[in-house]
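Structure assessment
Residue strings, one per chain:
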Amino acid sequence: MLEKLNPFGPAYPATEISALYIYPVKSCRGIRLNSAQLTREGLDLDRKWMFVDAKNHHFQTIRQISEMTLIDTAIINAGANLEDEELVLSIHDTDVKISIPSRPTKQWLEEHTELDRVEIWGRNVDAYFYSAELSKPFCDFLKKDVRLVYKGPEKRTFRDTSVNFPDVAPILVASEESLAELNSRLAEKDEGEITYERFRGNIIVRNSPAQGPWSEDRWKTLRIGGLVSGTNVDIVARAARCLVPNVNPDTAVAHKKEPWTTLMSYRRVDPGITFKPCFGMLACPRTGGLLEVGMKVEVTEVMPEGTEHVYGKNFGKKL
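All of the points below concern the structure found in this document. Numbering of residues starts from 1 in every chain and runs along the sequence as written. Totals for whole chains, interfaces and linings use all residues, but because this is a predicted model, local features are given only for residues with pLDDT of at least 70 and pairs of side-chain atoms are given and counted only at 80 or more. Remark: hydrogens and water are excluded; side-chain values derive from all non-hydrogen atoms of the structure.

Some details on unusual backbone geometry
With an omega of 5 degrees, the peptide bond running from Glu258 to Pro259 counts as cis. Along the chain, Pro259 falls in the loop between strand S17 (231–240) and helix H4 (260–266). Phi at His57 is positive, roughly 65 degrees, even though this residue is not glycine. Every helix listed is a DSSP run of H or I at least four residues long, and every strand listed is a run of E at least two residues long, numbered separately from the N terminus. Structurally, the position occupied by His57 is in the loop between strand S5 (49–53) and strand S6 (71–76). Even without glycine at this site, Trp121 takes up a positive phi of about 50 degrees. Relative to the assigned elements, Trp121 resides in the loop between strand S9 (114–120) and strand S10 (123–129). The exposure class assigned to Trp121 is partly exposed, which follows from its relative accessible area of 37%. Only protein chains enter the calculation, and the probe is 1.4 Å; a residue is then buried if its accessible area is under 20% of its type maximum, exposed if over 50%, and partly exposed in between.

Regarding the sheet that holds strand S19 (residues 289–292)
Within the open sheet, the three strands sit side by side as S4-S3-S19. Their pairing is antiparallel. Each edge of the sheet is formed by a strand with only one pairing partner; in this case those strands are strand S4 (42–43) and S19. Between any two strands, pairing holds if DSSP finds at least two bridges. Judged from the four bridges that link them, strand S3 (residues 35–39) and S19 form a sheet pairing that is antiparallel. Its bridge partner being in S19, Leu38 is matched across the sheet by Gly289.

Comments concerning the sheet that holds S9
Spatially, the four strands line up as an open sheet ordered S5-S11-S10-S9, and their pairing is antiparallel. In this open sheet, the two strands that pair with only one neighbour each are S5 and S9. Sheet twist, expressed as the mean angle between neighbouring strand axes with direction ignored, is 55 degrees. Judged from the seven bridges that link them, S9 and S10 form a sheet pairing that is antiparallel. Here, axes are lines fitted to C-alpha atoms. For helices the fit covers the stretch in contact, and angles between N-to-C directions go from 0 to 180 degrees.

Some words on the pattern of salt bridges
The salt bridge definition used is simple: a Lys or Arg side-chain nitrogen within 4 Å of an Asp or Glu carboxyl oxygen. Counted by the stated rule, this structure contains 22 salt bridges. One salt bridge connects Asp167 with Arg63, and the closest N-O pair in it is separated by 2.5 Å. In this pair, Asp167 is assigned in the loop between strand S13 (161–163) and strand S14 (171–175) and Arg63 in the loop between S5 and S6, connecting sequence segments 104 residues apart. Here Asp167 falls in the partly exposed class, since its relative accessible area comes to 26%. We classify Arg63 as partly exposed; its relative accessible area is 35%. Residues participating in the shared-partner salt-bridge network are Asp217, Arg238, Arg267, Asp270 and Glu308.

Overview of helix H2 (residues 132–142)
For H2, the full list of buried residues reads Leu134, Ser135, Phe138, Cys139 and Leu142. All buried residues of H2 project into a common sector of 135 degrees when viewed along the axis, lining one side. Every residue pair with non-hydrogen atoms within 4.5 Å of one another is taken to be in contact. Buried residues along H2 sit against S5, S6, strand S7 (86–91), strand S8 (97–101) and strand S11 (146–151). Count one or two residues on from H2 and you reach Lys143, which has phi positive near 60 degrees. Note: the arc covers the axis-to-C-beta directions of the helix.

Dropping the structure here:
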């Protein structure tokens, strides 16, 4: 069986991007966009910031503090002059709101931050620390002494690709049909629908009827946007899930079982990490380009018959 019918044609019928999301601050609320610039580091401004423990500088996520999902993010003053663009952080249902440059210059960082070390998934890297005063409203809200930090100049790499503060790969691709299939199983248990935000995906794809749910397990290469000007994306692994999707992003309340229990019942499909269920695919862009909702997506290559993605295999240098 030929897994790549020809070097120019798709392995499946073409589909499209149905949604784009960025999460400027790791584990805080994301932003849904109509278009986004894709770089080799991921979608522009995705996970450039994160909160760390003020004492040991260890990264903080919804895993430890579910209320982080109630910290909203927004980009304002976006336009031709990028120096005017700002990231706004606010706390849901409060008057707390701070604004900082979304693309701080070296001079601004030298004047308003301090370069120090942080730890993320066992890797020690540099980061710019904002003042304790700026972070104080979030300390009060989260009931923990935290500091907001911005990605430093030192490279953090995944498969020779520089990344910001994702858990693993630069981007996560998810399928509409797979989420719908999961929601159908939750409905059978009288549970409400969940959204992509639970899984913090970046590029949401509307599969063609010929593919169906979970066909992304076999994807190897995507082309987004057409043959001449399109962007090629390598699918490198399934995304293994923890309990974060159990947290309702609107309330920060964690469900005791779902969707974890349902996913564990049939999505422990990766031989590289059999103790966790999988949803979505980790991916690395080969090149950059502008992505837009509605843009064509082609699966140009799938895993050869008898092979599959294995989590952790060929990840390269540990993050």
